[in-house]
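Tertiary structure, described
Residues per chain are reported as follows:
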Amino acid sequence: MADTAVTAGLPKRGPLTLHRGAAVQWGLALLTVVLVIAPIVPVAFQSFVVGPLYDREWSLTLANYGELFASPVLGELAFNTLVFSAVTTLVAQVVGAVTAILVGRTDIPMRSVLGDVLMWPLFVSHLVLAFGWFLAYGPAGYGTMAFTALTGVEDAWSLYTLAGMGLVAGIAQAPLAFLYCLSATNSANPSLEDAARISGAGPMRTLWSVTIPLIRPAILFSAILNFTIAIEMLAIPLLFGGPTGLNMFTTYLYVEGILAPQPNYGLVGAAAVLLLVVVTGLVWLQGRLLREAGRFVTVRGKAVAPRRFPLGPFKWPFFALLVAYVILAILIPTGGLILRAVTSFVSPFIPPWELLTLEHFELIFSYPAFRRSIVNTVLIAAIGGAIATAYVVGIALVTHRSDFRYRRALEFLALYPRAIPGIIVGIGFFYAAIIIPPMGWLRNTIWILILAFTMRYIPTGFGAIVPSLFQLDRDLDRSARTVGADWLTTSRVILLQLLKPAVFSCYALLFIHFFKEYVAAVYLFAPGSEVIGTTMLTFWVQGDTGPVSALACIQVAITVVFITIARKTMGVKIYG
């Protein structure tokens, strides 16, 4: 009876419905091939070509790779990238795992509030976070100067080292480890922890000997993910490594491909291909770890509710430690951005109310190009996010609820952008728009940015839709087919109606990622298609930190408004 109610009113299958479903499936598959392959092929081709691709006088060669592997720069890039990524991953995993256990499995006070604040770095771009840390803890940062004034100690730390950059990047990526570990701690079987405590183990011994080993898959999986993200990170290495000559692969591609007076396009292409191969290998390793995670399963059959550990006398010291981390690592850098945006300069020796000004915001809103960057960013996030959501939902339905012949290959192709760093996405679409005539009209428009961002975040949207799709019984599809509905009608009338919460979550995720994305845009933006991130970079290169802070505050404010709306009206959860 329930199936009959669900399928009531479905249109009967006519002579054309046998073909329209196949047409949609093939159309989505071909679009995915174009989106994913179009930016990769030109980059790979450029690595074998002397001179830029747009010269059209192509001469194939292996000299670019020979020059790259013979260059002493390669060893420096590899060492710096490896150390930076390792420090980033170590900081992110330690902070993420510890905070996940404290928030998810203990009786620490204010768990919900602290959990929301700990997630905040995930919602803003690395560019904004880097600016905040520079203003707070840079050489002339108000936090640095205040510490020197109180203690008399100068140069107590430096963000312009691999360790300093890794600390900032690790804190930026800690929410990702927090999410994975929080999910694992909430699903762990509490009977194993109870057995340890019955055997005489205290809360701390139980946490160390039982709980942490049970979340090892989450720690390993998020570690590979954070290591991969660190390799392709641009903002933090650029802001803190650039002034001291500490180059990574991404900053090398940015400097040599954009800032150099005469870019060596072949060498840039070879370095981009090498980076792509490395990241692809890490994504493959991540997949292998995920497939082997089944040996850590502790909950089977009947669900069990995890219980919180009473920390006893350790509760308030851990609470104080967590609050101190939130204040020092999140609130002070964010507050520094706000303070710098509304003052002529920041100093611990002068009261900020004596330096208040709105000149930075007036500058932003007085020039069309700066205003346009804000409008473009909102349009790309709102419209592009909606288009990308519709596209990703279609791909999910084809790969998991259709009889499309190549659905497994399509799923692999849709998830492959996880292995393509954002800067390579930008380079690839830049080349594609030059050498592929049908894409030429996209140059210097926000539409090429929407395409690039969509390609980059297909896996993100896919991950928001597929778990909910797995929860829908396939009997719903079969019931619809028995009354004459084709695949397209079944998807539209039944599956999409039941997937609305997941679709809203997918749109919220893509909006946030599109809104904060800037790496893929640095090669693609032009006058008329600026976004907030590229405008902030422009100001930073000129040394204007006031307008940078004003734009960062605008980006943060819009993000806060959107997250609030998403939580209140669409029911989207931040975590949990």
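Residues numbered from 1 in each chain as written. Predicted model: local features only at pLDDT ≥ 70, side-chain atom pairs only at ≥ 80, totals over all residues. Heavy atoms only, no water.

With that out of the way, let us pick up the overall build of the protein chain. Per the secondary structure count, the protein chain includes 26 helices and zero strands. In the protein chain, buried positions account for 53% of the 576 residues. Sequence-distant contacts in the protein chain: of pairs separated by 6 or more residues, those separated by 24 or more amount to 79%. Accessible area of the protein chain: about 25,600 Å², with a carbon and sulfur share of 68%. (Helix = DSSP H or I, 4+ residues; strand = E, 2+ residues; numbered from the N terminus. Buried < 20%, exposed > 50% of the residue type's maximum accessible area, 1.4 Å probe, protein only. Contact = heavy atoms within 4.5 Å. Areas by Shrake-Rupley, 256 points an atom, 1.4 Å probe, with all protein chains shown as cover.)

A separate point is the packing of helix α17 (residues 368-400) against helix α20 (residues 446-456). The contact between α17 and α20 brings their axes to 9 Å, and the two run at 50°. As the angle between them shows, α17 and α20 are arranged oblique. For the crossing formed where α17 meets α20, the hand is right-handed. Residue-level contacts link Asn376, Ile380, Ile383, Gly384, Ile387, Ala388 and Tyr391 of α17 to Ile446, Trp447, Leu449, Ile450, Phe453 and Thr454 of α20. (Axes fitted to C-alpha atoms, helices over the stretch in contact; angles between N-to-C directions. Parallel < 35°, antiparallel > 145°, perpendicular 65-115°, else oblique. Left-handed = near helix turned anticlockwise from the far one by under 90°.)

With that out of the way, let us pick up the confidence of the model for the protein chain. Taken as a whole, the protein chain shows an average pLDDT of 82; of its residues, 86% reach a score of 70 or greater. Throughout residues 1-11 the model reports pLDDT below 50, and contacts reaching past four residues in sequence, or to other chains, amount to 17 contacts. Across residues 13-18, where pLDDT falls below 50, the model places five contacts with residues more than four positions away in sequence or in other chains. (pLDDT = per-residue confidence, 0-100.)

As a further point, take the packing of helix α6 (residues 126-137) against helix α26 (residues 545-569). Contact geometry of α6 with α26 gives a least axis separation of 10 Å together with a crossing angle of 130°. Between α6 and α26, the angle is such that the two are oblique. Note that α6 runs across α26; the crossing there is left-handed. Here Val128, Phe131, Phe134 and Leu135 of α6 lie close against α26, whose contacting residues are Thr545, Val548, Ser549, Ala552, Gln555 and Val556.

Quick look at the nonpolar core now. Ranked by size, the top nonpolar core spans 173 residues in total, and within it Phe84, Ile236, Phe240, Tyr325, Phe429 and Met536 carry the most contacts. If one sorts the elements of this core by residue count, helix α14 (residues 265-291) sits on top with 13 residues. Beyond its immediate stretch of four places on either side in the chain, Met536 contacts Leu127, Val128, Phe131, Val548, Leu551, Ala552 and Gln555. (Core = buried A, V, L, I, M, F, W, Y, C linked by side-chain atoms within 4.5 Å.)

This part covers α6. Between its first and last C-alpha, α6 extends 16 Å over twelve residues, near the 16 Å set by a 1.5 Å rise per residue. Taking burial as the measure, the twelve residues of α6 include twelve buried ones, the bulk of the element. For α6, the complete set of buried residues consists of His126, Leu127, Val128, Leu129, Ala130, Phe131, Gly132, Trp133, Phe134, Leu135, Ala136 and Tyr137. (Expected span 1.5 Å × (residues − 1).)

Now for unusual backbone geometry. The backbone of Met110 sits at a positive phi, close to 55°, despite the residue not being glycine. Structurally, the position occupied by Met110 is in the loop between α4 (72-105) and α5 (111-118). In this structure, Asn444 takes a positive phi of about 65° despite not being glycine. Tracing the chain through its elements places Asn444 in the loop between α19 (422-435) and α20. Taking the relative accessible area as the measure of exposure, Asn444 reaches 46% and is therefore partly exposed.

Time to look at the packing of aromatic side chains. Tallied over the full model, the rule gives 24 aromatic pairs. Between the aromatic rings of Phe412 and Tyr416, the centroid separation amounts to 6.2 Å while the plane-to-plane angle is 35°, which identifies the pairing as tilted. For the ring pair Phe511 and Phe515, a centre distance of 6.0 Å and an interplane angle of 5° mean the geometry is stacked. One end of the pair is Phe511 and the other is Phe515, both in helix α24 (residues 500-516) and four residues apart, which spans about a single turn. For Phe515, a relative accessible area of 3% translates into the label buried. (Phe/Tyr/Trp six-rings, centres within 6.5 Å; stacked < 30°, edge-to-face > 60°.)

Our next topic: the side chain of Asn64. Note on placement: Asn64 falls in helix α3 (residues 63-70). Aside from chain neighbours lying at most four places away, what touches Asn64 is Gln46, Ser47, Phe48, Val49, Gly266, Leu267 and Ala270.

Within the secondary structure, Ser47 sits in the loop between α2 (17-46) and α3. Overall, Ser47 belongs to the buried group, its relative accessible area being 0%. In this structure the side chain of Ser47 is engaged in a polar contact, spanning 2.8 Å, whose partner is the side chain of Tyr65. With residues up to four places along the chain from it excluded, the contact list for Ser47 reads Thr61, Asn64, Tyr65, Gly266, Gly269, Ala270 and Val273. (Polar contact = N/O pair within 3.5 Å; in protein donor to acceptor, adjacent residues only side chain to side chain.)

For the rest of this paragraph, the subject is a nonpolar patch on the surface. On the surface, a nonpolar cluster with roughly 590 Å² of combined accessible area is contributed by Val375, Leu379, Ile383, Ile387, Trp441 and Trp447. Mapped onto the elements, Trp447 comes out in helix α20. The partly exposed category is assigned to Trp447, whose relative accessible area is 40%. (Patch = residues over 30% accessible without salt bridge, like charges linked within 9 Å, V, L, I, M, F, W, Y side chains within 5 Å. Salt bridge = Lys/Arg side-chain N within 4 Å of Asp/Glu carboxyl O.)

The next subject is α20. α20 sits mainly inside the fold: nine of its eleven residues count as buried. If you check which residues of α20 are buried, you get Ile446, Ile448, Leu449, Ile450, Ala452, Phe453, Thr454, Met455 and Arg456.

The final tally for this structure, using the stated rule, is three salt bridges. Close ionic contact of Glu530 with Arg372 constitutes a salt bridge, the shortest N to O distance being 3.1 Å. Here the residue Glu530 occupies a position in the loop between α24 and α25 (532-542), and Arg372 occupies one in helix α17, the gap between them amounting to 158 residues. Using a relative accessible area of 10% as the deciding quantity, one classes Glu530 as buried.

A separate point is the environment of Gly51. For Gly51, the location among the structural elements is in the loop between α2 and α3. Placed 215 residues apart in sequence, Gly51 and Gly266 show a C-alpha to C-alpha distance of 6.2 Å. Excluding its chain neighbours within four sequence positions, the residues that come into contact with Gly51 are Gln46 and Tyr265.

Moving on to the environment of Ala566. Mapped onto the elements, Ala566 comes out in helix α26. On a C-alpha basis, the gap between Ala566 and Ser505 in space is 8.2 Å, while along the polypeptide they are 61 residues apart.

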